[in-house]
Amino acid sequence: MDSAALWQRYQDWLYYHEGLDFYLDVSRMGFDDAFVEAMGPKFDKAFQDMDALEGGAIANPDENRMVGHYWLRDPNLAPTPELRQDIIDTLAQIETFTAQVHSGEVHPPASAKFTDVLSIGIGGSALGPQFVKEAISPIFPPLAIHFIDNTDPTGIDNILAKLKDRLSSTLVLVISKSGGTPETRNGMIEVQKAYEAENLDFAPHFVAITGQDSNLDLRAKAEGWLASFPMYDWVGGRTSELSAVGLLPAALQGIDIRQMLAGAKEMDGATRTPEIKKNPAALLCLSWYFACKGKAEKDMVILPYKDSLLLFSRYLQQLVMESIGKEKDLDGNTVYQGIAVYGNKGSTDQHAYVQQLREGVPNFFATFIEVLEDREGISPEVEAGVTSGDYLSGLLQGTREALYENNRDSITVTIRQVNPYTVGALIALYERAVGFYASLVNINAYHQPGVEAGKKAAAAILDLQTRSLLVLREAGKPLSVSELAEKVGASEQVEAIYKIMRHLQVNQRGVILEGNLGQPSSLMVSVTGDGQGA
Ligand SMILES: O=P(O)(O)OC[C@H]1O[C@](O)(CO)[C@@H](O)[C@@H]1O
């Protein structure tokens, strides 16, 4: 296409929303009018599905749940007065609690004010709060936030070492919708132990955000924690940033959560329009469908040219991949759907993997996120008439052009500024696009059956560990790994048992491995003393 035709295509397809000061450019996606026309009926159905979902239909049939994240920013849309009131009350509870914490009215026993927040959670109970912190937390927030989002002992140690002198003024949020996620539980227990080691009563520091009557909820009540906030069963983990899960950590950092909700609400309004060209989420989704051919044919590379949006791709990775990555469609057909998402930020990534994007395997489409405002105030010049921001902007345009020249498609999302309003809008945009995409490819976007397999397998490994240590103690003499597996009654699990023993030995858990470490079958395993791991 020559430059005049491209300029025309750019204008024909440009979406602009005045209230949001938001642009979406899909002109560098190679679809034609015939494709758009052919997609019409599929989109009509997607719009209808979305209407039903917002009206309170059971949009997550496997889990027999409604899907109501859109109601969080417009409680009037909630299908019952009770749900509406719950949303309003929770928001009020978040704001009241935050004001009390900021003023010192709610304070820890040994300190006049809380100074830090430690958020313990994983997946949807961490990624949104982490993204928002990175994007819009003030440089000097009233409370500095830290995260434990894994069961990695070194990761936990690092955070606790950082907070050691301030545990007495740290507010600990334990966030888990199910209230039973092991990584989160482990973090919670280790942090409680850290409080006990400092002779501090942990309960007046701990706050739960969880589903009603979950294990976490019951524990928080039994131990008399400082506060609890609800997580509703009709909000999925990956769409929970605008529930208490994301709003409480954000508010505690001094972020304007009403603005986040307002931005999301405005975007929700824009993405309700049942016309592809006038609906930015539909345009995004049309582009994804075109690139992927409705199958998992391409990856989505997210390239925000703004440091503060670094974690957006990580946040979207869960939102898109946990929603779209499904083996079966709604009719039970095997479809292996998915869109792999990755990316960090431009122009930094230009000095890493953009080489492959430009010249290597064309298995992706890019999404540039452009922020018009370089910084607050006037920029110094780095050379005559040119600022650092001019470079950033030029590098974005240049990369987009270089990709296009080599037949690599791209989308460009443009906002004026990264602020609570636009961050809320971006979250809402992608939530809606994922919902539409699921309709187009006929899958349930709101369950995650695949995650359960890994969780069950991990539980089975821990069970094998307990049984193996028991056998070793009873044997009272060294056993080869295969003898051990046989005595445990799990010969087919010999490799897993070998790995368990190797891990216990390295961590001084009372296991001795003798023999050639490079030849696992030569190893003899025994336990010392009472075998601490048993
Ligand atoms: O909030 P929870 O229940 O601890 O779950 C954390 C994450 O685990 C998952 O259920 C899957 O591993 C995610 O969907 C969820 O965001």
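Residues numbered from 1 in each chain as written. Predicted model: local features only at pLDDT ≥ 70, side-chain atom pairs only at ≥ 80, totals over all residues. Heavy atoms only, no water.

## With respect to empty space enclosed by the protein
Now for step 1: The tally for this structure, following the rule as stated, stands at four cavities of 30 Å³ or more.
Now for step 2: Volume-wise, the largest cavity comes out at about 80 Å³.
Now for step 3: As for the largest cavity, its lining consists of Leu72, Ile87, Thr90, Leu91, Ile94, Tyr232, Leu242, Ser243, Ala244, Leu247 and Leu261.
Now for step 4: Breaking the lining of the largest cavity down by element, the ones donating at least two residues are helix 3 (81-103) and helix 8 (244-252).
Now for step 5: Along the lines of polarity and charge, the residues of the lining of the largest cavity split into nine nonpolar, two polar and no charged.
Now for step 6: If you add up the space inside the second largest cavity, you get close to 40 Å³.
Now for step 7: Looking at the second largest cavity, the residues that line it are Gly124, Gly128, Pro129, Gly237, Arg238, Ser240, Glu241, Tyr315 and Gln318.
Now for step 8: At the level of secondary structure, the elements contributing two or more residues to the lining of the second largest cavity comprise helix 4 (127-136) and helix 11 (312-324). (1 Å grid on protein atoms, 1.4 Å probe; cavity = no way out; pocket = protein on both sides within 12 Å on 5 of 7 lines; lining within 4 Å. Points joined across faces, edges and corners; volume = space filled by probe spheres on them. Helix = DSSP H or I, 4+ residues; strand = E, 2+ residues; numbered from the N terminus. Nonpolar A, V, L, I, M, F, W, Y, C, P; charged D, E, K, R; others polar.)

## Points about the side chain of serine 480
Now for step 1: Following the sequence through the fold, serine 480 ends up in strand 14 (residues 479-480).
Now for step 2: Judged by relative accessible area, which is 11%, serine 480 ranks as buried.
Now for step 3: What serine 480 contacts, discounting residues up to four positions off in sequence, is Leu523 and Met524. (Buried < 20%, exposed > 50% of the residue type's maximum accessible area, 1.4 Å probe, protein only. Contact = heavy atoms within 4.5 Å.)

## Some remarks on the packing of aromatic side chains
For any two aromatic rings, the description comes down to two numbers: the centre-to-centre distance and the angle of the planes.
Now for step 1: Throughout the structure, instances matching the rule amount to 24 aromatic pairs.
Now for step 2: Seen from their ring centres, tyrosine 232 and tryptophan 234 are 4.5 Å apart, and the 0° between their planes marks the pair as stacked.
Now for step 3: Through successive ring pairs, a cluster of aromatic residues spans Phe131, Trp288, Tyr289, Phe312, Tyr315, Tyr430 and Tyr437.
Now for step 4: For the cation-ring pair, arginine 28 lies above tyrosine 404, with the distance from its terminal atom to the ring centre recorded as 5.4 Å.
Now for step 5: When the ring centre of tyrosine 70 is taken as reference, the NZ or CZ atom of arginine 432 above it lies at 4.0 Å. (Phe/Tyr/Trp six-rings, centres within 6.5 Å; stacked < 30°, edge-to-face > 60°. Lys NZ or Arg CZ within 6 Å of the ring centre and 35° of its normal.)

## Observations concerning the packing of helix 10 (residues 280-292) against helix 14 (residues 420-440)
Now for step 1: Where helix 10 contacts helix 14, the two axes come as close as 8 Å, and the packing angle between them is 50°. Classed by the angle they form, the pair helix 10 and helix 14 counts as oblique. Between helix 10 and helix 14 lies a crossing of right-handed hand. Across the interface between the two elements, Pro280, Ala281, Ala282, Leu284, Cys285, Trp288, Tyr289 and Cys292 from helix 10 touch Leu429, Tyr430, Arg432, Ala433, Val434, Phe436, Tyr437 and Leu440 from helix 14.
Now for step 2: A breakdown of the residues in the contact of helix 10 with helix 14 according to their chemical character gives 15 nonpolar, no polar and one charged. (Axes fitted to C-alpha atoms, helices over the stretch in contact; angles between N-to-C directions. Parallel < 35°, antiparallel > 145°, perpendicular 65-115°, else oblique. Left-handed = near helix turned anticlockwise from the far one by under 90°.)

## What about the packing of helix 15 (residues 449-475) against helix 16 (residues 481-488)?
Now for step 1: For the pair helix 15 and helix 16, interaxial distance at closest approach is 9 Å and the crossing angle is 105°. On the basis of their axis angle, the class for helix 15 and helix 16 is roughly perpendicular. Contacts from Leu464, Arg467, Ser468, Val471 and Leu472 of helix 15 reach helix 16 at Leu484, Lys487 and Val488.

## With respect to the site of the ligand
Now for step 1: Near the ligand, the surroundings consist of 14 residues, among which Gly124, Ser125, Ser176, Ser178 and Thr181 are the closest.
Now for step 2: For the ligand, an oxygen atom lies 2.7 Å from a polar atom in the side chain of serine 125.
Now for step 3: One of the side-chain N or O atoms of glutamate 322 is found 2.8 Å from an oxygen atom in the ligand.
Now for step 4: Taken by itself the ligand offers 390 Å² of open surface, and the protein chains cover 88% of this.
Now for step 5: Contributions of two or more residues to the shell around the ligand are made by helix 11 and helix 15.
Now for step 6: In terms of residue class, the shell around the ligand is made up of two nonpolar, nine polar and three charged. (Near = heavy atom within 4 Å. Polar contact = N/O pair within 3.5 Å; in protein donor to acceptor, adjacent residues only side chain to side chain. Areas by Shrake-Rupley, 256 points an atom, 1.4 Å probe, with all protein chains shown as cover.)

## Some words on the UniProt feature "active site" (unreviewed entry) in the chain
Now for step 1: The UniProt record marks Glu322, His351 and Lys455 with the feature "active site" (unreviewed entry), using the residue numbering of this structure. The greatest C-alpha distance among the annotated residues, which extend across 134 residues, is 37.0 Å, indicating that they are dispersed rather than converging on a single site. Considered against the largest pocket, the annotated residues that line it turn out to be Glu322 and Lys455.
Now for step 2: Residue placement: histidine 351 occurs in the loop between strand 9 (341-342) and helix 12 (354-359).
Now for step 3: Its relative accessible area of 71% is what places histidine 351 among the exposed residues.
Now for step 4: For lysine 455, the location among the structural elements is in helix 15.
Now for step 5: Relative accessible area serves as the criterion here: at 40%, lysine 455 is assigned to the partly exposed category. (UniProt positions renumbered as here; feature names shortened; annotations may be inferred.)

## Looking at the pattern of salt bridges
Now for step 1: All chains considered together, the criterion is met by 24 salt bridges.
Now for step 2: Across the salt bridge formed by glutamate 63 and arginine 65, the nearest N and O atoms sit 3.1 Å from each other.
Now for step 3: Classification of arginine 65 by relative accessible area gives partly exposed; the value is 26%.
Now for step 4: For arginine 73, the salt bridge identified is with aspartate 268, shortest N-O distance 2.7 Å. Here arginine 73 is found in the loop between helix 2 (33-54) and helix 3, whereas its partner aspartate 268 is found in helix 9 (residues 257-270), with 195 residues between them in sequence.
Now for step 5: Aspartate 268 sits in the buried class, given a relative accessible area of 1%.
Now for step 6: Among the charged side chains, a network of salt bridges with common partners joins Glu54, Arg73, Asp268, Arg272, Glu431 and Arg432. (Salt bridge = Lys/Arg side-chain N within 4 Å of Asp/Glu carboxyl O.)

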